Amino acid sequence: MLVKAKAGLLRPSILLRLVLPCCVFVSYFLYSTNKTTDYKPLRIDDKPLRTDDAADGDFELASRQSYGFFYDISSTKWNLLRKIYREHINHRDPERPLLYSPHDPLGNAKWFSTEPAWYQNNYEPNFSCMHEKRVGLQMNGDGPKWVCDPHRITKLALERKAKDSDHPGCVVYSVGSNGDFNFEMGFQKEVGEGVCEYHIFDPGDYAAKMPLGLKRGHYHQWGLKKQGPNSTPNATERYQGLHDIIKLLGHEHLDTIDIFKIDCEKCEWKTYMDWVADGIPMLQQIQVEVHGVPADAPLFYNSLEAAGYMRYHKEPNIQFNAGCIEYGMVKVDTEFMEGKNITMNKKEYTMVNGHFVDSP
């Protein structure tokens, strides 16, 4: 029997007791009848993609497609990275890859035809390194660089030395010094003294500034130039092609250069095809500072991507120049990229058997 208050209305406490159970019942009914209807599993290669850790013991796929670098990533998580990469779009407008650059024929607005505007709308990272770390002093990007999972380099270097005592362990090429060695010192601290061999290149005479504490450090007063087709290595020349450098240092036998750090004030636009040329040890990671946006800038990024270089980091280095961008890239086998569509020179291409071919 309902009890009325003096004003003839239900007491609030009694009303709450009546309404609350009804709300709970209705909520449970709606939940139980609809809880599975909106679930759609992730898919890759048109198959459901498991996101649990049941396959965490299967590391073969990631290891094979990364040349042994990602030796402890499960196939489940690796396929998620592949899915992210395949869905990534390099441009705001793939039909106009120079949109927002000074070279866009249709661009004329002050804030929409600049180098910073282009970098804000093109070539973002398309890969992730779980344990990437900024190595070096806490300052602008002229010294420190983002390295993909440096702990892996230590492990791989020690394994190489265990198999072959004459192996250098790991090798770092640092192109463009300007007398700043804080990256090399920071990297040595990260991976351990004596683990890596460091080769620093600069046409300036900064050898006396190289810290005594940098173990196994070698300074070469050479700048980097485009490799000549019929060049003969000559150590007395001030500028060297990358292939000639490899020969002069006796590194033709190396399978891998673990770190290729380069800040050469625009020489990157002329030399990048040498980085992936025949006769060059595989560059496992590239840390490059790019300067400005030349008219053929998309070819630089597309060519490196086609060679298997995934962009895991992008950082503006704008203290002195708004058009300077730091990229971190890591090498994967092109099998990782299978099925990826990419636009180059206004044409669609698809990665098939390690090569980008015309899309059907």
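See above for the structure.
The structure reproduced in this document is the subject of the present report.

Thresholds applied
- Residues numbered from 1 in each chain as written.
- Predicted model: local features only at pLDDT ≥ 70, side-chain atom pairs only at ≥ 80, totals over all residues.
- Heavy atoms only, no water.
- Helix = DSSP H or I, 4+ residues; strand = E, 2+ residues; numbered from the N terminus.
- Contact = heavy atoms within 4.5 Å.
- Polar contact = N/O pair within 3.5 Å; in protein donor to acceptor, adjacent residues only side chain to side chain.
- Disulfide = S-S within 2.5 Å.
- Buried < 20%, exposed > 50% of the residue type's maximum accessible area, 1.4 Å probe, protein only.
- Salt bridge = Lys/Arg side-chain N within 4 Å of Asp/Glu carboxyl O.

The subject of this paragraph is the environment of T114. Mapped onto the elements of the fold, T114 is located in the loop between α3 (75-87) and α4 (115-121). Remark: the alpha-carbon pair of T114 and D104, spanning 10 residues in sequence, is separated by 9.6 Å. Ignoring any residue separated from it by four or fewer positions in sequence, one finds T114 in contact with Y100, S101 and P102. Within the structure, the side chain of T114 is placed 3.1 Å from the backbone nitrogen of A117, a separation counted as a polar contact.

Attention now moves to the state of the cysteines. Using the criterion set out here, one finds three disulfides in the structure. Between the sulfur atoms of C129 and its disulfide partner C148 the distance amounts to 2.1 Å. Disulfide C129 to C148: torsion about the S-S bond roughly -100°, handedness left-handed. Taken together, the residues C129 in the loop between α4 and β3 (133-135) and C148 in the loop between β4 (145-147) and α5 (150-163) connect sequence positions 19 residues apart. The class for C148 is buried, based on a relative accessible area of 0%. Residue pairing for C170: its cysteine sulfur links by disulfide to C196, the two sulfurs lying 1.7 Å apart.

Moving on: the pattern of salt bridges. If you walk through the whole model with that rule in mind, you get 15 salt bridges. Between E87 and K83 there is a salt bridge, with the nearest N and O atoms lying 2.7 Å from each other. Here E87 pairs with K83, and both are found in helix α3, just four residues apart, close to one helical turn. Residue E87 is classed as exposed on the basis of its relative accessible area, which comes to 52%. One continuous salt-bridge network, built from bridges that share partners, spans E60, R64 and E335.

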